[in-house]
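Working through the structure, step by step
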Amino acid sequence: MAQQFLVYQSMWAMERRCPDGLEWSLDEKLAMIRDAGFNGAGVRFADRSFVKPVTDFLRAHGLSWQAQAYPQTVDDLKPVIEHVLEFGADHLNVQPDVRPYRLEECFPLIDGWRRLAADAGIKMQIETHRNRMTTDLLFTLQLLDHYPDLRLTGDLSHYVVGREFWYPMTDHDQALMHRIIDNCWGFHGRIASREQIQLQLNFAQHQGWVAVFMAWWERGFRQWRAKAGADETLIFLCELGPPEYAMTGADGYELSDRWQESRQLMQQVRDIWHGVSTD
């Protein structure tokens, strides 16, 4: 079997949060994801009453999904794992909803989550994310010193904002990010700058940062291909979030069409994958 590349759309990113108060229904969101050509969705797995209809729809239409969890304790992951065992998932993506001061405080949590996932036969990744265990780049690099085999999901935007990297980036800062990327087994995607978590893809003033992220994802896809098995699947989740991730004008409406940008990003990363997989 050949390695596969799938692009998912975040269910959270399907929220509008506009001043008009209008929101798409769950069925509308799922149909839009299907009709746009995404391979599946990123789904919060805590609430079974939400998980069942979403995964039923995705499965019926030949799509797949990743399970997202936000545990604060080891035991918090147990019901999520039960849902994954019941409904399936490509993998379990964990955002550790804790903010330890000392590195040693992380060890029993990571060890416990990894043990639960391994016992259940579920692939698990830890996401890089602000206001989580992995909020700080240097702290996370120290975690990798202790767990060199830790599988990360790289939401690289958070470290650009968190570290306020200058553009153009220095070789030193690039090396820090490369070490994170080289431990990634999946990616969540948006474009950030040193002051904004989510930039519009097509504004001229943002193209320097667009190029930085595209190069990072290319590196990420290459390193994944080199280490992953012949039958494994790499997941890229388009995660262009609603306000306040999305910038808005004085009227409260977004400055660009985020749904159009999500579909554009899907094609851009597929183009990167095509280039990497055909070298």
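Check the entry above for the structure.
All of the points below concern the structure found in this document. Since the model is a prediction, treat every value here as computed from it, not as a measurement.

A short note on the overall build of the protein chain
Each helix and strand in the protein chain was counted, giving 9 helices and 8 strands. Taking 19 Å as the expected radius of gyration for a compact globule of 279 residues, we find that the protein chain reaches 18 Å, a close match to that expectation. A total of 279 residues make up the protein chain; the buried ones form 55% of that total. For the protein chain, the exposed surface amounts to about 12300 Å²; the carbon and sulfur share of it is 50%.

What to know about the sheet that holds strand β3 (residues 64-69)
Judged by pairing direction, the barrel is parallel, and its 8 strands sit side by side in the order β1-β2-β3-β4-β5-β6-β7-β8 before closing back on the first. The mean angle between the axes of side-by-side strands here comes to 30°, regardless of whether they run parallel or antiparallel. For strand β7 (residues 184-189) and strand β8 (residues 233-238), the ladder comprises 3 bridges, and the chain directions are parallel. Note on β8: the bridge partner recorded for G189 is C238.

What to know about helix α7 (residues 171-181)
Buried within α7 are the following residues: D173, Q174, L176, M177, I180 and I181. Buried positions in α7, seen along its axis, are confined to an arc of 160° and lie on one side of it. Counted as exposed and oriented over 90 degrees from the buried face of α7: D171 and H172. Lining the buried residues of α7 we find α5 (137-146), β6 (152-154), α6 (157-163), β7 and α8 (207-227).

Side note on the pattern of salt bridges
Opposite charge on two side chains allows them to pair when their charged atoms are near. In the structure shown here, the tally under the stated rule is 21 salt bridges. A salt bridge links R190 to D155; the nearest nitrogen and oxygen atoms lie 2.9 Å apart. Placement of the pair is R190 in the loop between β7 and α8 and D155 in the loop between β6 and α6, with a sequence separation of 35 residues. Each of the two residues, R190 as well as D155, counts as buried. E254 is paired through a salt bridge with R258; the nearest N and O atoms lie 2.9 Å apart. It is possible to trace a salt-bridge network through shared partners that takes in K52, D56 and R59.

Conventions we followed
Residues numbered from 1 in each chain as written. Predicted model: local features only at pLDDT ≥ 70, side-chain atom pairs only at ≥ 80, totals over all residues. Heavy atoms only, no water. Helix = DSSP H or I, 4+ residues; strand = E, 2+ residues; numbered from the N terminus. Rg over C-alpha atoms; globule rule 2.2 N^0.38 Å. Buried < 20%, exposed > 50% of the residue type's maximum accessible area, 1.4 Å probe, protein only. Areas by Shrake-Rupley, 256 points an atom, 1.4 Å probe, with all protein chains shown as cover. Pairing = 2+ DSSP bridges. Axes fitted to C-alpha atoms, helices over the stretch in contact; angles between N-to-C directions. Arc of directions from axis to C-beta. Contact = heavy atoms within 4.5 Å. Salt bridge = Lys/Arg side-chain N within 4 Å of Asp/Glu carboxyl O.

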